[in-house]
Amino acid sequence: MALAGFVGGTASATFANVFAFGPLLLTERGCPAEIAASHVSIALWVTIAAIPVGGALGGYHRVSTRAAPCWTYLVAKYANTWLKRF
């Protein structure tokens with residue numbers, strides 16, 4: 001139970017940090033402030049929508065818990081590649 005609380009708290013803190021410092025990071029990399037704010041907003045809305053959709057797809061296709069870290073790595077790698085464009 002403590003591990004689940006730690007994971008949930010870490011996810012919430014990460015979400016808050018992206019919301020707080022994401023536009024600043026993109027602005028420092030040369031992106032205009034309005035566009036940086038809209039990129040972060042879109043990323044947050046996609047994240048909010050992706051969590052229940054991913055859970056539903058995982059339950060429907062009976063994806064094992066062993067595959068979850070692989071998908072997480074691929075999504076993080078794609079996001080990192082996308083952010084390096086700025």
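The residue numbering used here restarts from 1 in each chain and proceeds along that chain's sequence as written. Totals for whole chains, interfaces and linings use all residues, but because this is a predicted model, local features are given only for residues with pLDDT of at least 70 and pairs of side-chain atoms are given and counted only at 80 or more. As a convention, hydrogens and water are excluded, and side-chain values are obtained from all of the structure's heavy atoms.

Enquirer: Help me out: how do you make sense of the overall build of the chain in this one?
Expert: Comment: elements are numbered from the N terminus, with helices defined as DSSP H or I runs of at least four residues and strands as E runs of at least two. Within the chain one finds 3 helices and 0 strands. Each helix (α) and strand (β) of the chain, taken in turn from the N terminus, gives the series α-α-α. Here the term buried applies to any residue with accessible area under 20% of the maximum for its type, exposed to any over 50%, and partly exposed to those in between, with areas from a 1.4 Å probe on protein chains only. Considering the chain as a whole, with its 86 residues, one finds that 7% of them fall into the buried category. The protein chains shown are the only cover counted for residues, whose accessible areas, like all others here, come from Shrake-Rupley with a 1.4 Å probe. Just so you have it, the chain exposes about 7,000 Å², and 73% of that area is on carbon and sulfur atoms.

Enquirer: Could you clarify how one ought to interpret the nonpolar core in this entry?
Expert: In a soluble, globular protein the nonpolar side chains are often hidden away together inside. In these notes, a set of buried Ala, Val, Leu, Ile, Met, Phe, Trp, Tyr and Cys residues joined through side-chain atoms within 4.5 Å is what counts as a nonpolar core. Counting residues in hydrophobic clusters, the biggest one holds 5 residues: Leu26, Cys31, Ala36, Val40 and Leu44. Per-element tally for this core: the top contributor is helix H2 (residues 33–61), with 3 residues.

Enquirer: Before we go on, may I ask you to explain helix H1 (residues 2–28) in this structure?
Expert: The α-helix winds at 3.6 residues per turn, so residues separated by three or four positions along the chain end up facing the same way. With 27 residues, H1 extends 37 Å from end C-alpha to end C-alpha; this agrees with the ideal 39 Å at 1.5 Å per step. Of the residues trailing H1, glycine 30 is marked for its positive phi of about 105°. The span one expects for a helix is its residue count, reduced by one, times 1.5 Å.

Enquirer: Teacher, can you tell me more about the environment of serine 38 here?
Expert: Looking at the secondary structure, you find serine 38 in helix H2. The exposure class assigned to serine 38 is partly exposed, which follows from its relative accessible area of 33%. Measuring from C-alpha to C-alpha, the distance between serine 38 and proline 23 comes to 8.4 Å, with 15 residues separating the pair along the chain.

Enquirer: For this particular structure, what's the right way to read the confidence of the model for the chain?
Expert: The predicted structure's coordinates, where accompanied by low pLDDT, should not be read in detail. Chain-level statistics for the chain give a pLDDT mean of 78 and a share of 77% at 70 or above. What pLDDT reports is the predictor's confidence in each residue, on a scale of 0 through 100. Within the chain, helix H3 (residues 68–83) has the poorest average pLDDT of any element, 70, and H1 the best, 85.

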